[in-house]
Amino acid sequence: MNLKRGRNRWREKTHCPQGHAYDAENTRFYRGRRYCRTCQNTKHLKKKEHSNA
Ligand SMILES: [Zn+2]
């Protein structure tokens, strides 16, 4: 495995496509990928705007 070569392909992104920071609290790891929690929460909120538990 050439990890050194693969490293260049993966740019270190610091923000999600929506501009939220990928910090420790806002980042969720799943299957080796990073996901923005803020964006995920926003999606949920839009769907479940009315249901309050
Ligand atoms: Zn985001």
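To keep things clear, this report deals only with the structure shown in the data block. (Residues numbered from 1 in each chain as written. Predicted model: local features only at pLDDT ≥ 70, side-chain atom pairs only at ≥ 80, totals over all residues.)

## Some remarks on the overall build of the protein chain
Then comes step 1: A count of helical and extended segments in the protein chain gives two helices and two strands.
Then comes step 2: When the helices and strands of the protein chain are read in sequence order from the N terminus, they spell out α-β-β-α.
Then comes step 3: Looking at the protein chain as a whole, 0% of its 53 residues qualify as buried. (Helix = DSSP H or I, 4+ residues; strand = E, 2+ residues; numbered from the N terminus. Buried ≥ 20, exposed ≤ 12 C-beta atoms within 10 Å, placed from the backbone.)

## Focus: the pairing of strand β2 (residues 33-36)
Then comes step 1: Where strand β1 (residues 27-30) and β2 come together, four bridges link them in antiparallel fashion. Following the sheet pairing, Phe29 is matched in β2 by Arg34.
Then comes step 2: The antiparallel pairing of β1 with β2 creates a hairpin that spans two residues between the two strands, and Arg31 there sits at a positive phi of about 55°. (Pairing = 2+ DSSP bridges.)

## Details of the environment of Thr27
Then comes step 1: As for its placement among the helices and strands, Thr27 is situated in strand β1.
Then comes step 2: Taking the C-beta count within 10 Å as the criterion, Thr27 has 15 such neighbours and is therefore assigned partly exposed.

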